[in-house]
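# Summary of structural features
Here are the chains, one letter per residue:
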Amino acid sequence: MTRLPTDPAANLAALIQCPSVTPDDAGALDALSAMLAPLDFVCDRPVFSEPGTPDIDNLYARRSGNGPHLMFAGHTDVVPPGDPDAWTHDPFGASVSGGAMYGRGAVDMKGGIACFVAALARVVESGRPVPGSVSLLITGDEEGPAINGSVKLLKWAAEKGESWDACLLGEPTNPDAIGDMIKIGRRGSLSGTIIVEGTQGHVAYPHLADNPVRSIVALCAALKATPLDAGTDDFQPSNLEVTTIDTANPAVNVIPARASASFNVRFNDSWTEETLKAEIMARLARGAASGRDDRPPARFGVDWKEPVSQVFLTRNEALTGALAASVTAVTGRDPVLSTSGGTSDARFIKDYCPVVEFGLVGKTMHMVDEHVALADLETLTAIYADFIIRWFAGKAGR
Ligand SMILES: [Zn+2]
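Residues numbered from 1 in each chain as written. Predicted model: local features only at pLDDT ≥ 70, side-chain atom pairs only at ≥ 80, totals over all residues. Heavy atoms only, no water.

### Considerations on the overall build of the chain
Selection rule: A run of DSSP states H or I qualifies as a helix once it reaches four residues; a run of E qualifies as a strand once it reaches two. Both are numbered from the N-terminal end. Summary of the burial criterion: residues with accessible area below 20% of their type's maximum are buried, those above 50% are exposed, and those between are partly exposed, where the area comes from a 1.4 Å probe applied to protein chains only. In this description, contact between two residues means that some pair of their heavy atoms is separated by no more than 4.5 Å. Areas reported here follow the Shrake-Rupley algorithm with a probe of radius 1.4 Å; residue values treat only the protein chains shown as occluding. Charge assignment in this entry is limited to Lys and Arg as positive and Asp and Glu as negative, and neither His nor the chain termini are counted. The location of each charge is read from NZ of Lys, CZ of Arg, CG of Asp or CD of Glu.
Along the backbone of the chain there are 9 helices and 20 strands. For the chain, the proportion of its 398 residues judged to be buried stands at 52%. When contacts within the chain are restricted to residue pairs at least 6 apart in sequence, those whose partners lie at least 24 apart make up 80%. A total accessible area of about 16,900 Å² is found for the chain, and carbon and sulfur atoms account for 52% of it. Positive and negative side-chain charges of the chain, numbering 33 and 49 respectively, have mean locations separated by a distance of 5 Å.

Structure representation (structure tokens):
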């Protein structure tokens, strides 16, 4: 019998040794497919393209069984290592030192994939039946443009007739130690650029011009005049940040004709895209009218960046409850169910099935000397194995 991939460290080393910096696959998905073959997965490798973006390799692997369908989602691409000489170990060497494995992607998120494969292999090896289907949806385009990745892969699989009852996304979610935090939702993200049209003129004759810099400052101040909200039961307060103010004006003696400013809002579930855009436009209109003396309000427009990342919250006790119970069973700790942080591919998956996120400790992700404690790999593997058994048992009991 072929040996099953029960060792998360061996699985992870094989993945780290493929330098799969987005958009290169560098053999990472082949290495993963090779691990999955003895577990009776059927692997598909769709490549997606879009003009102006690099082609991306993706993997959809399914192990079919009778019963509900659990998806594990993740990515094998990694961010660049930066200056390799700044690392104490080869960023693609997977060397072990002081009880930790070093390499780009160790925690974000080849480590999560390695642990999930090991967890399933241990369940299978133990002889316990897995009463349903398990699939892995793995993209090579999470850290890049994210155009030829999860969005297209989900659509492609759904069009083949695939459907899922739940998804576990293995991104690093724990701030300090395994068991700290499960993510059950994410804030939305909305970006835009404000453009103010003024009238160009000589700086010594401002009454003959209309300085758009004054107006853009007033508009930005109006955006931040009062908090957007005070937070909700499940989310922290929404926040708007102005990120650029530009006039592209090289001269100190010329009042420019136009000015622009960009902003981003991370918003909670007290808003929808529509209500938030309306609130922003109302605030800008107030800003455009302020400090104008006898002049009419400043002329402005907003370019909204598409697509907008929608806010979501997973209310699925069978999923979040099982995962939290597995974390507690293995670590003795009570994980916080959180919606903090940036966006993730969960925002795409939530359109197909309930999704939660739980993975390794994120401390060193994207940093020089990214590494994972071997003990953490064992802990996460134990949690995932417990979760696989617990989730299927819960579905069967319903
Ligand atoms: Zn990641």
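### Some points on helix H9 (residues 374-396)
We count it as follows: Every helix has an expected span of 1.5 Å times one less than the residues it contains.
Across its 23 residues, H9 extends 33 Å between first and last C-alpha, which sits within 8% of the 33 Å expected from 1.5 Å per residue. Among the residues of H9, Leu377, Leu380, Thr381, Ile383, Tyr384, Ala385, Phe387, Ile388, Trp391 and Phe392 are the ones counted as buried.

### Focus on the packing of helix H1 (residues 8-16) against helix H2 (residues 28-36)
Where we set the bar: With axes taken as lines fitted to C-alpha atoms, and helix axes fitted only over the stretch in contact, angles between N-to-C directions fall between 0 and 180 degrees. For this classification, under 35 degrees means roughly parallel, over 145 means roughly antiparallel, 65 to 115 means roughly perpendicular, and everything else is oblique. Residue polarity follows a fixed list, in which Ala, Val, Leu, Ile, Met, Phe, Trp, Tyr, Cys and Pro are nonpolar, Asp, Glu, Lys and Arg are charged, and the others, Gly among them, are polar.
Across the interface, H1 lies against H2 with an axial gap of 8 Å and an inter-helix angle of 155 degrees. The orientation of H1 with respect to H2, classified from their angle, is roughly antiparallel. Here Asn11, Ala14 and Leu15 of H1 lie close against H2, whose contacting residues are Ala28, Ala31, Leu32 and Met35. Looking at the contact of H1 with H2, its residues break down into 6 nonpolar, 1 polar and no charged.

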